[in-house]
Amino acid sequence: RRFVGARVCSTLGPGRSACRVGMLLPLPYIQETLGDEATILFQSFSWSFAASCVLLVLWRGLIAPVVAANRSADDLVFLTNSVVSLFPALTAPFLAVQALWELPISDHATALAAAPTPLALRAVGLSCGYMAYDTVFCLAHKQVRHPLLLGHHLLSILFFPYATLRHRALLVVLFFVCTEVTNIGQHVRIILLKLGHERSRLYLVNGVAWAVSFFVVRILPSPYLFYKMADCSYAAFSRADFVVAWATMPIPFVLNSFWFYLLASGVLRFLRTPPIDALLSSENQQQQQQQGRAAKRR
């Protein structure tokens, strides 16, 4: 109670009646504060959803007819999905990184019950707004409709705002938002593939860089996050908060491990496959050798 009272005093000023150290805040003020946080988050959510729709229109109406005019309808769906998906990957993680530095990460008593800063609210809102758009896009296009992806989006849309506005495990939520930066490599790969550049050096370099960044950003920090989840205090959590936290927090870690396995396997298969030029050269050499042996027989 002293911590809450002191914190509010710094917000309202020393002359306000709510700033009595050791006293609980009045209910109207708690509602007002929650409203301010929710307003910032859902404004960011709305702007992100709207920006994704605008990018969709710009791509389909202006850019795709120029750079992807000869692509199939299926290729255009994948290209559209990846072009728009670059927007949150290039924005939300960088807000989330800054917001992480504002959390009391080293204080195990408050690390999982810290209140969100405006940067954190905007990062979470931006990420969830895009996922709401992408859910609609995936439902409308069977080419990119996948139960695992839809489940990931729906859980995030439901529980990221819940955890943020309840001041529960914000550290973990922001980490998950940060990991979206690895989607840059994923979507650049799809764009190159659908535009016919799968045998280019850029495609190879991007694939390897994507695999490395995925490991560094998503896999490598996971033990530290699990340590925080296990060792930090849950004193501020209700029983429902605790159950929800431990029922949902491990899911992205499991998905990251599964996706990294698929990613690493794909990269290894690609690296083991000889380039088409090498295959053609090998076939030409075999034909020349066969022709030489046939000429000797004559």
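The coordinates are above.
Residue numbering note: each chain is counted from 1, following its sequence as written. It should be noted that, the model being predicted, local features are given only for residues of pLDDT at least 70 and side-chain atom pairs only at 80 or more, the latter also being counted only at that level, while totals for whole chains, interfaces and linings use all residues. Values shown for side chains rest on all heavy atoms present in the structure; no hydrogens or waters enter the calculation.

**A closer look at helix α6 (residues 147-165)**
Part 1 of the reasoning: Compared with an ideal rise of 1.5 Å per residue, which puts 19 residues at 27 Å, α6 spans 27 Å between its outermost C-alpha atoms and is within 8% of the ideal.
Part 2 of the reasoning: To get the bend at any residue, fit one axis to the seven residues that end at it and another to the seven that begin at it, then take the angle between the two axes. Numbering of helices and strands runs from the N terminus; a helix is a DSSP stretch of H or I covering at least four residues, while a strand is a stretch of E covering at least two. Along its length, α6 reaches its greatest deviation from straightness, about 25°, at Ser156.
Part 3 of the reasoning: When α6 is considered as a whole, its buried residues turn out to be Leu150, His153, Ser156, Phe160, Pro161, Ala163, Thr164 and Leu165.
Part 4 of the reasoning: Just downstream of α6, His167 is the residue with a positive phi angle, here 60°. Expected span, for any helix, means 1.5 Å times one less than how many residues it has. Categorising residues by exposure relies on relative accessible area from a 1.4 Å probe, with only protein chains included: less than 20% of the type maximum marks a residue as buried, more than 50% marks it as exposed, and the intermediate range marks it as partly exposed.

**What to know about a nonpolar patch on the surface**
Part 1 of the reasoning: A cluster of nonpolar side chains, Leu204, Val208, Val212, Phe215, Val216, Leu220, Leu268 and Leu271, forms an exposed patch at the surface whose accessible area comes to about 650 Å².
Part 2 of the reasoning: Within the residue set of the nonpolar patch, elements represented by two or more residues are α9 (201-219) and α12 (250-272).
Part 3 of the reasoning: Of the residues forming the nonpolar patch, the biggest block, five residues, is contributed by α9.
Part 4 of the reasoning: Here Val216 shows up in helix α9.
Part 5 of the reasoning: Residue Val216 is classed as partly exposed on the basis of its relative accessible area of 42%. Residues enter patches when their relative accessible area tops 30% and they take part in no salt bridge; the joining distance is 9 Å for like charges and 5 Å for the nonpolar side chains Val, Leu, Ile, Met, Phe, Trp and Tyr. Using a 1.4 Å probe, accessible areas were evaluated by the Shrake-Rupley method; residue-level cover was limited to the displayed protein chains. What counts as a salt bridge is simple: a side-chain nitrogen of Lys or Arg found within 4 Å of a carboxyl oxygen of Asp or Glu.

**A few points about the packing of α9 against α12**
Each pair of packed helices can be summarised by the angle the axes make with each other and by the distance between the axes.
Part 1 of the reasoning: Here an angle of 0 to 180 degrees is reported between the N-to-C directions of two axes, which are lines fitted to C-alpha atoms, with helices fitted over the stretch in contact. Where α9 meets α12, the axes come as close as 10 Å, and the angle between the chain directions of the two elements is 155°. Judged by the inter-axis angle, α9 sits roughly antiparallel to α12. Seen along the crossing, α9 lies across α12 with a hand that is left-handed. Contacts from Tyr203, Leu204, Gly207, Trp210, Ala211, Phe214, Phe215, Arg218 and Ile219 in α9 reach Asn256, Ser257, Trp259, Phe260, Leu263, Val267, Phe270 and Leu271 in α12.
Part 2 of the reasoning: Residue polarity follows a fixed list, in which Ala, Val, Leu, Ile, Met, Phe, Trp, Tyr, Cys and Pro are nonpolar, Asp, Glu, Lys and Arg are charged, and the others, Gly among them, are polar. Here the residues of the contact of α9 with α12 are counted per class, giving 13 nonpolar, three polar and one charged. Angles are sorted into four bins: roughly parallel if under 35 degrees, roughly antiparallel if over 145, roughly perpendicular if 65 to 115, and oblique for all others. Put simply, a crossing is left-handed when the front helix is turned counterclockwise from the back one by less than a right angle, and right-handed when it is turned clockwise. Residue contacts are counted whenever heavy atoms from the two residues lie within 4.5 Å of one another.

**Notes on the nonpolar core**
Part 1 of the reasoning: Working definition of a nonpolar core: buried Ala, Val, Leu, Ile, Met, Phe, Trp, Tyr and Cys residues. They are joined through side-chain atoms within 4.5 Å. Judged by nonpolar contacts, the single largest core of 49 residues is most densely connected at Leu103, Leu112, Val124, Phe160, Val172, Leu174 and Met249.
Part 2 of the reasoning: Listing elements by their share of this core, those giving two or more residues are α2 (27-67), α3 (73-89), α4 (92-101), α5 (118-140), α6, α7 (170-178) and α10 (222-231).
Part 3 of the reasoning: Per element, the largest residue contribution to this core is 12 residues, and it comes from α5.
Part 4 of the reasoning: With sequence-adjacent residues up to four places away left out, Leu103 is seen in contact with Ala114, Ala115, Leu170, Leu171 and Leu174.

**Re the side chain of Ser44**
Part 1 of the reasoning: Within the secondary structure, Ser44 is located in helix α2.
Part 2 of the reasoning: By relative accessible area, Ser44 is classed as buried at 12%.

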